[in-house]
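Structural overview for review
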Amino acid sequence: MTDLQMSLIAAGGVFIVGVFSYNKWQEYKAKKTVERAFSSDHDDVLMRPDGEPGVPRHEPSFSLDDDAATTAAAPSARAHSYDGGDSAAASGTGAAAGAGSDAGGEAYAPTAHEAGTLTPAAEQATALVDPLIDCLLPLALEAPVRGDKILPVLQKLRLVGNKPVHYIGLAVSGDWEPIVHGGVYTELQGGVQLASRSTALNELEYSELVTRLRAVADEIGAEPAIPDMMEVMAEAKTLHRFVSSHDAQLGVNLHTNGAPWAISTLLGALEKQGFDVRPDGRYVMPDGEGGHLFSLSTNVTLAEETTPRLTLLLDVPCVAPARDGFGAMIACAKSLAGRLDGTIVDDYSQPLSDEALAEIAGQVRDFYADMESSDIPAGSTRALRLFC
């Protein structure tokens, strides 16, 4: 072996040792950063033990069982923990907020009661990154940045699984607001939704989020504060239990008193009743503001020419109590029954009396009160994000 080969081998060894040492040093720095970020203990009211969730209702029978009420209590406690402004003590997302402060940034965590005093831009920020239903991801910037520069980068991380990721920025005016072209921001805050109607944020999704977030942060010159995975997972599961126990769809049926209705005849009757036909073929009753109160199904495929039964369906947590979606649905069903010569029945084809409908209406009011007490009012932006 020549002297040149020996020299090359020695140089390669030194290089490998240097790379290994550098990686170890980076790991040590990252570990210390996380330890500083989570050095204080937080009482996570959302992670307190609770019961198993109740079974979502597919009515016309409609009730809240004890388990559902127990599950609902956890998000309620967490929501009220923001009162007094100490949002950083709430949970895993609260820990993230604390980490953002340690990193030199002011964490964004307005309370529900503060929302009424916010500017329109700040209200939009609250809707995008919500401490109650999102895992907060503070991003400490090395220097102020323009929205034009960072928006294309942030677009690379907008979804993890089926959970949306949103961003807001602390503008030079001192207000948190959605990141826009022309804006200048001194701090950023990301938020990934902890749960959806179908699933909770899981470990694989969170690991993917952390990896992609670090890449985004590097590209825009930011330092992310990453919450502890175990805390976030526990919080996500608790929120998903709440969503599952309140995922209520309330339906009533209209059955023909004679021959099946011709679909062509139904179309005219539904249009006169005020229904719109959506691109996906659903019939919906509009609420006048771009949304809908309830939907209608003919219970047959597009190839069928007749149907003996119609089903009206109210997505309860997605309609605000003030709109009285259940009352509007029953009124519509009665009007259609008179127009089409039908009878309002339950899923077992038994007629529904006015007394039975009034009892269900009372249970709907109790359901709405329960959601309100949990700080996730039906029809609110929070509820729409979680259920719709």
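Residues numbered from 1 in each chain as written. Predicted model: local features only at pLDDT ≥ 70, side-chain atom pairs only at ≥ 80, totals over all residues. Heavy atoms only, no water.

Remarks on the pattern of salt bridges
Within the structure shown, the criterion is met by eleven salt bridges. Where Asp 247 meets Arg 197, a salt bridge forms, and the shortest distance between an N and an O atom there is 2.6 Å. Of this pair, Asp 247 sits in the loop between helix H7 (229-245) and strand S7 (249-256) while Arg 197 sits in the loop between strand S5 (184-193) and helix H6 (203-220); the two residues are 50 residues apart in sequence, bridging distant segments of the chain. Note on Asp 247: relative accessible area 16%, which makes it buried. With its nearest N and O atoms 2.4 Å apart, the salt bridge here joins Arg 197 to Asp 315. Remark: Asp 315 occurs in strand S13 (residues 309-315) and Arg 197 occurs in the loop between S5 and H6; sequence separation between them is 118 residues. A residue is classified by how much of its surface remains accessible, and Arg 197, at 23% relative accessible area, is partly exposed. Overall, Asp 315 belongs to the buried group, its relative accessible area being 19%. (Salt bridge = Lys/Arg side-chain N within 4 Å of Asp/Glu carboxyl O. Helix = DSSP H or I, 4+ residues; strand = E, 2+ residues; numbered from the N terminus. Buried < 20%, exposed > 50% of the residue type's maximum accessible area, 1.4 Å probe, protein only.)

Looking at H6
In this model H6 runs 26 Å from its N-terminal to its C-terminal C-alpha over 18 residues, within 8% of the 26 Å that 1.5 Å per residue would give. Within H6, burial applies to Glu 205, Tyr 206, Leu 209, Val 210, Leu 213, Val 216, Ala 217 and Ile 220. Buried residues of H6 fall within an arc of 140° about the axis and therefore sit on the same side. Exposed and oriented more than 90 degrees from the buried face of H6 are Leu 204, Thr 211 and Asp 218. (Expected span 1.5 Å × (residues − 1). Arc of directions from axis to C-beta.)

Looking at the confidence of the model for the protein chain
Parts of the model with low pLDDT should not have their predicted coordinates read in detail. Mean pLDDT over the protein chain: 80, with 70% of residues reaching 70 or higher. Note that pLDDT drops below 50 for residues 63-115; the model gives that stretch 132 contacts with residues more than four away or on any other chain. (pLDDT = per-residue confidence, 0-100. Contact = heavy atoms within 4.5 Å.)

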